[in-house]
Amino acid sequence: MTPVQSRSVGEYQKLLEQGLSLDLTRGKPSPRQLDLSQDLLSNPVGHTAADGTDCRNYGGLQGLPELREIFAELLQVPVAQLVALDNSSLALMHDSLVHAMLSGVPGSERRWADEPEIAFLCPVPGYDRHFALCERFGIRMIPVPMTPDGPDLDVVEELVAGDARIKGIWCVPKYSNPDGACYSAETVRRLAGMPTAAPDFRIFWDNAYAVHHLTDEEVELADVLAACADGGHPDRAFVFASTSKVTLAGSGVAFFGSSPANVAWLLGHTGKRTIGPDKINQLRHVALLRDADGVRAHMRRHRELLQPKFELVERILREEFGDQPGVRWSQPKGGYFVSLEVPEGCAREVVRLAGAAGVALTPAGATHPYGDDPADRTIRIAPSYPEPADLETALRALAVCVREVLAAAAPQG
Ligand code: PLP
């Protein structure tokens, strides 16, 4: 018996007896992180925008210019090409797909709903809610492997060049969910310039973690909109982001940035469903954050709360699995997740055992289209919400479950 197997004997039974109730599923900010933005609720901000607009009233579909100015710099989108709308970037991604389905996008030959079939490339591991959107709209998902520099571009280029049904690709370019990968400048350049069979191919550039650094090495992305323009495809990228993990996850502001043609397209359709965004909330955000440096300072306070949790995850995983073949994990420099890889064929069972012991984990497979991780090895860990003591308990329990599964899978005799 290997040391790993012998350590597992009886451990899992003891774990079950502890009657834990812990949750490592969703990447939510902790209450202490939300407290950083408490002034949003208490600061009197009046109701007048910099240009004199009465924010209590209808209108201003594109969002307050002074808020867009703050985020234009951080998201690498010119102010005039940035929209500040609603509270959820996921909602804007959803709406963008709906508009593409019902009306096509600039450059479409027909509505996406009228195409016999459409498909999106899905770098894996990836974000389950992107995959849920594809399922919702009947978009076939084609997994593409991730590398530390972003999706494998040799695979991507070949697929999009040869198949006009492929209309888009999901990208979380910085501190990606769940493996923390950051796209290199070369990846951005190739994505922006590659020939695609579909004339209306779109990069869904979900820059959810643009300012969410965990170390002093603050990763800078290449400017995707500029790269697309330089590559001769100015309308190729839709940039999405939000303040969900900057201020209040349920009461933030979401952003859409793109070419002038795409911005006019989105606003044209959005104007049918709303007369304008919540400008009072946008004013509150301007008062709290002030400018791009204000956002950076605010994010350093988030980092002070988050970094120790990620360091704890790293320490525990190293202690538990440092010499365990087949177990690897990501060491993200930002974002909200750690991706744990267990030996092939084990992830589902680990998650099942953890659930039975009261530790909720994101379902194994959620990081892949259709909930199907063919190697059954990726588990997503979300350390942001639990307090450190609970996080440690949950991770030690997870380690027991991994050992239990490995011991059961090991050849006997
Ligand atoms: N995109 C990614 C990659 C995420 O990880 C998340 C949340 O976990 C979201 C989008 C959700 O963003 P929002 O709150 O703006 O809808």
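Residues numbered from 1 in each chain as written. Predicted model: local features only at pLDDT ≥ 70, side-chain atom pairs only at ≥ 80, totals over all residues. Heavy atoms only, no water.

### Here's the deal with the side chain of Asn281
Summarising the element assignment, Asn281 is placed in helix α12 (residues 279–289). Asn281 gets classed as buried once you look at its relative accessible area, which sits at 9%. A distance of 3.0 Å separates a polar side-chain atom of Asn281 from the backbone oxygen of Ser251. What Asn281 contacts, discounting residues up to four positions off in sequence, is Ser251, Gly252 and Val253. (Helix = DSSP H or I, 4+ residues; strand = E, 2+ residues; numbered from the N terminus. Buried < 20%, exposed > 50% of the residue type's maximum accessible area, 1.4 Å probe, protein only. Polar contact = N/O pair within 3.5 Å; in protein donor to acceptor, adjacent residues only side chain to side chain. Contact = heavy atoms within 4.5 Å.)

### Focus on the side chain of Asn262
In this fold, Asn262 is placed in helix α11 (residues 260–270). Among the polar contacts listed, one links the side chain of Asn262 to the side chain of Arg202, at a separation of 3.3 Å. Not counting chain neighbours up to four residues away, the residues in contact with Asn262 comprise Pro106, Arg202, Asp235, Ala237, Phe238 and Phe256.

### Some thoughts on the pattern of salt bridges
Enumeration over the complete set of coordinates arrives at 28 salt bridges. The partner of Arg296 in a salt bridge is Glu73, and the shortest N-O contact between them spans 2.9 Å. Taken together, the residues span a long stretch of sequence, with Arg296 in helix α13 (residues 292–321) and Glu73 in helix α5 (residues 65–75) at a distance of 223 residues. The partner of Arg377 in a salt bridge is Glu341, with the nearest N and O atoms 3.5 Å apart. Of the two residues, Arg377 sits in the loop between β12 (359–360) and β13 (378–381) while Glu341 sits in strand β11 (residues 338–341), which places them 36 residues apart along the sequence. Residue classification places Glu341 among the partly exposed residues on the basis of a relative accessible area of 22%. (Salt bridge = Lys/Arg side-chain N within 4 Å of Asp/Glu carboxyl O.)

### Points about the site of the ligand
Surveying the vicinity of the ligand reveals the residues Ser88, Ser89, Leu90, Tyr127, Val172, Asn177, Asp206, Ala208, Tyr209, Ser242, Ser244 and Lys245. The contact in question runs from an oxygen atom of the ligand to an N or O atom on the backbone of Leu90, over 3.0 Å. Measuring from an oxygen atom of the ligand, one finds a side-chain N or O atom of Ser244 at 2.6 Å. Computed on the free molecule, the ligand has an accessible area of 400 Å², of which 88% lies beneath the protein chains in the complex. (Near = heavy atom within 4 Å. Areas by Shrake-Rupley, 256 points an atom, 1.4 Å probe, with all protein chains shown as cover.)

### Observations concerning the sheet that holds strand β2 (residues 82–85)
Taken in spatial order, the eight strands line up as β2-β9-β8-β7-β6-β3-β4-β5 in an open sheet, and their pairing is mixed. For this open sheet the edge positions go to β2 and β5 (150–151), each flanked by a neighbour on one side alone. Pairing of strand β4 (residues 140–147) with β5, which is carried by two bridges, proceeds in the antiparallel orientation. Looking across to β5, one finds that Thr147 is bridged to Gly150. Of the strands in this sheet, β2, β8 (237–242) and β9 (254–257) are in contact with α5, which crosses β2 at around 120°. In the packing of helix α7 (residues 128–136) onto the sheet, contacts are made with β3 (119–124), β4, β6 (166–171) and β7 (202–206), and the angle to β3 comes to roughly 160°. (Pairing = 2+ DSSP bridges. Axes fitted to C-alpha atoms, helices over the stretch in contact; angles between N-to-C directions.)

### A closer look at empty space enclosed by the protein
Tallying each qualifying case throughout the model produces five cavities of 30 Å³ or more. There is about 90 Å³ of room inside the largest cavity. Forming the walls of the largest cavity are 13 residues, and the residues nearest its centre are Pro123, Pro125, Gly126, Trp170 and Val172. Sorting the residues of the lining of the largest cavity by element identifies α7 and β6 as the ones contributing at least two each. (1 Å grid on protein atoms, 1.4 Å probe; cavity = no way out; pocket = protein on both sides within 12 Å on 5 of 7 lines; lining within 4 Å. Points joined across faces, edges and corners; volume = space filled by probe spheres on them.)

### Examining the nonpolar core
Leu67, Phe71, Val156, Leu191, Ile203, Trp205 and Val295 are the most contacted members of the largest nonpolar core, which totals 55 residues. A per-element tally of this core places α5 first, with six residues. Counting 49 residues, the second-largest nonpolar core is a separate cluster that includes Val219, Phe337, Val351 and Leu398. (Core = buried A, V, L, I, M, F, W, Y, C linked by side-chain atoms within 4.5 Å.)

### As for unusual backbone geometry
Look at the link from Val124 to Pro125: it is a cis peptide, with omega at 0°. Looking at the element boundaries, Pro125 is found in the loop between β3 and α7. At the junction of Asn177 and Pro178, the peptide bond is cis and its omega measures out at 10° in the coordinates. Of note, Pro178 is situated in the loop between β6 and α9 (185–193).

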